[in-house]
Amino acid sequence: MAYERKIPVDLNCPLRLTMSLIESKWKSCILDELRGGESKRPSDIHKLLPESAPRVLDLQLKEMVGDGLVEKKIYPELPPRSEYKITELGKSLLPIIDSMMEWGKDHMEVFEKKYKKQR
């Protein structure tokens, strides 16, 4: 059974449409890790994002394949092996991710103050 969103995407709002593709905690990070164009196995992606749960990454990779942001190649061997690679559509989101990273750098002091208080 395919994943079905609880709340349908609003196709009349370009912002909501874009956010639906990168809204989760790890999708932008996954695209950033795949930006070089080389294929990565799921275990490689898990190692690059160790603070994320493997199950969550697997679900998000599956959604990203369904959205056309990454492609999955399964090799017919035993044990089965799969790899993920960013697509052209996924690459088209990289300038947005770059802008988000730049914004984070520019406003780092705000978050350093906020999260140092929580420790």
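Residues numbered from 1 in each chain as written. Predicted model: local features only at pLDDT ≥ 70, side-chain atom pairs only at ≥ 80, totals over all residues. Heavy atoms only, no water.

K.L.:
Whenever I open this one, the nonpolar core confuses me. Can you help?
P.N.:
Note on soluble globular proteins: their nonpolar side chains tend to be buried together. Of all hydrophobic cores here, the largest spans 18 residues; its most connected members are I30, L31, L34 and I45. For L34, the contacting residues outside a window of four places in its chain are K40, I45, V70, Y84, K85 and I86. (Core = buried A, V, L, I, M, F, W, Y, C linked by side-chain atoms within 4.5 Å. Buried < 20%, exposed > 50% of the residue type's maximum accessible area, 1.4 Å probe, protein only. Contact = heavy atoms within 4.5 Å.)

K.L.:
Sorry if this is basic, but what is going on with the pattern of salt bridges here?
P.N.:
Once their charged atoms are close, side chains differing in charge can pair, the charge on each being opposite to the other. Within this structure, the stated rule accounts for seven salt bridges. For R81, the salt bridge is made with E83, and the minimal N-O distance between the two is 3.1 Å. By sharing partners, the salt bridges in this structure join D32, R35 and D98 into a single network. (Salt bridge = Lys/Arg side-chain N within 4 Å of Asp/Glu carboxyl O.)

K.L.:
I tried to follow a negative patch on the surface on my own but got confused; where do I start?
P.N.:
A cluster of acidic residues, E102, D106, E109 and E112, forms a negative patch on the protein surface. Of all elements in the fold, only α6 (94–106) and α7 (108–118) reach the threshold of two or more residues within the negative patch. As for its position among the elements, E109 is in helix α7. (Patch = residues over 30% accessible without salt bridge, like charges linked within 9 Å, V, L, I, M, F, W, Y side chains within 5 Å. Areas by Shrake-Rupley, 256 points an atom, 1.4 Å probe, with all protein chains shown as cover. Lys, Arg positive; Asp, Glu negative; His and termini not counted. Charge placed at Lys NZ, Arg CZ, Asp CG, Glu CD. Helix = DSSP H or I, 4+ residues; strand = E, 2+ residues; numbered from the N terminus.)

K.L.:
Quick question: what am I supposed to make of the confidence of the model for the protein here?
P.N.:
Detail in the predicted coordinates should be disregarded across regions flagged by low pLDDT. Put simply, the protein has an average pLDDT of 89, and 92% of its residues get 70 or more. Taking the mean pLDDT of every element in the protein, the minimum, 79, falls on α7 and the maximum, 97, on helix α5 (residues 88–91). (pLDDT = per-residue confidence, 0-100.)

K.L.:
What is the right way to read the pairing of strand β2 (residues 81–86) from this model?
P.N.:
Side-chain direction in a regular strand flips from residue to residue, so the side chains alternate between the two faces of the sheet. Both strand β1 (residues 70–75) and β2 contribute to a ladder of six bridges, which runs antiparallel. In the sheet register, Y75 faces β2, and the bridge partner there is R81. Between the end of β1 and the start of β2, which pair antiparallel, lie five residues. (Pairing = 2+ DSSP bridges.)

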